[in-house]
Amino acid sequence: MKNIIAIANQKGGVGKTTSIINLGSGLVKYGKKRVLIVDLDPQGNATTGSGIEKNSLDVSIYDVMLKHSEIHDAILKSETCGYDILPANRNLAGAEIELVNTPNREYQLKEVLSKVSSSYDVILIDCPPSLNLLTLNGLAAANKLIVPIQCEYYALEGLTDLLNTVELLKNGINPNLELLGLIRTMFDSRNNLAQQVSAELSKHFGDKVFKTSIPRNVRLAEAPSFGVAAILLDTTATGSVAYKALAKELKAIIF
């Protein structure tokens, strides 16, 4: 499958999960009904943000990756967002330790997704905010990478580290992985530093920087508490308008 997209950044708080929920909902809204979100973060934020109670799961991605259950038994429908989700909760934190001595441990997620990938138009993987074994599984399973990034100085350093890791992966674990794009999140066009960093990104990455930037917006922060994507909670909020535009942009690139 050509559209397995990891959304990753080892820096936390950059809008990674917000991006994946709204892009997933946006793709559904604009005609791609077969969308799967994979919550690969033990915090389970993509799960709760999709209206799923993470602490009441009978089966989660943890059980699937450890081969305790089949993936078909774990996938749920997000009634609020419109896509399917492979949910996560705190149990997933133990997977790293339990997988340490497993042969081909970095390919566990890829093996799992191969059983359902033909059923979806696109699979979006929400990676943890660190370069650990779970993130490695996400990057090994994906063929495309999207990086949400705040336009601030330290973000550039983190981006360099992540892209260096991607190059190492391309030389070994996953030669098919490519950078699809960078999303400028929490972007304030009035901030001179943000403008400078944005210009640097465009200079170095060209059309790999999505044209649509995502502004800081209260509704984006509020939406997870309602278990629904912001683009569905308040369609006219500035953040929602931006994510709808970004979803259209992504759809045009990958389909």
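Residues numbered from 1 in each chain as written. Predicted model: local features only at pLDDT ≥ 70, side-chain atom pairs only at ≥ 80, totals over all residues. Heavy atoms only, no water.

Caption draft 1: Quick look at the side chain of D126. If you trace the backbone, D126 turns up in strand 5 (residues 122-126). Looking at D126, the relative accessible area reads 0%, which means it is buried. Within the structure, D126 has its side chain in polar contact with the side chain of K16 (distance 2.9 Å). In terms of polar contacts, D126 uses its side chain to reach the side chain of T17, at 2.9 Å. For D126, the contacting residues outside a window of four places in its chain are I7, K16, T17, I20, V38, D39, L40, D41 and A46. (Helix = DSSP H or I, 4+ residues; strand = E, 2+ residues; numbered from the N terminus. Buried < 20%, exposed > 50% of the residue type's maximum accessible area, 1.4 Å probe, protein only. Polar contact = N/O pair within 3.5 Å; in protein donor to acceptor, adjacent residues only side chain to side chain. Contact = heavy atoms within 4.5 Å.)

Caption draft 2: Just the pairing of strand 7 (residues 178-185), in detail. For strand 7, the buried fraction is high: 7 of the 8 residues fall into the buried class. In this sheet, strand 7 lies alongside strand 6 (residues 144-150) in parallel orientation, the contact comprising 7 bridges. Across the sheet, V147 pairs through a bridge with L182, a residue of strand 7. In this fold, the crossover linking strand 6 to strand 7 by way of helix 8 (residues 153-170) has right-handed handedness. (Pairing = 2+ DSSP bridges. Right-handed = clockwise from strand over helix to strand, strands pointing away.)

Caption draft 3: Representation of the sheet that holds strand 3 (residues 76-77). Read from one edge to the other, the open sheet built from 7 strands follows the order 3-4-2-5-1-6-7, with strand pairing classed as mixed. Two strands bound the open sheet, and with one partner strand each, they are strand 3 and strand 7. With 3 bridges joining them, strand 1 (residues 4-7) and strand 6 adopt parallel strand pairing. Across the sheet, residue I5 finds its bridge partner in strand 6, namely K144.

Caption draft 4: Seen up close, the packing of aromatic side chains. In total, this model carries 1 aromatic pair according to the counting rule given. Ring centres of Y153 and Y154 lie 5.5 Å apart, and the angle between their planes is 70°; on these two criteria the pair is classed as edge-to-face. The aromatic ring of F187 is capped on one face by R184, whose charged end is 5.7 Å from the ring centroid. (Phe/Tyr/Trp six-rings, centres within 6.5 Å; stacked < 30°, edge-to-face > 60°. Lys NZ or Arg CZ within 6 Å of the ring centre and 35° of its normal.)

Caption draft 5: A look at the nonpolar core. In terms of nonpolar packing, the biggest core is built from 51 residues, with V38, I61, M65, L109, L113, I125 and L145 touching the most fellow members. With 6 residues, helix 8 is the single largest residue contributor to this core. Apart from the residues within four sequence positions on either side, V38 is in contact with I61, L86, L109, L113, I123, L124, I125 and D126. Among the nonpolar cores identified, the runner-up in size contains 32 residues, and I7, Y83, V122 and F210 belong to it. (Core = buried A, V, L, I, M, F, W, Y, C linked by side-chain atoms within 4.5 Å.)

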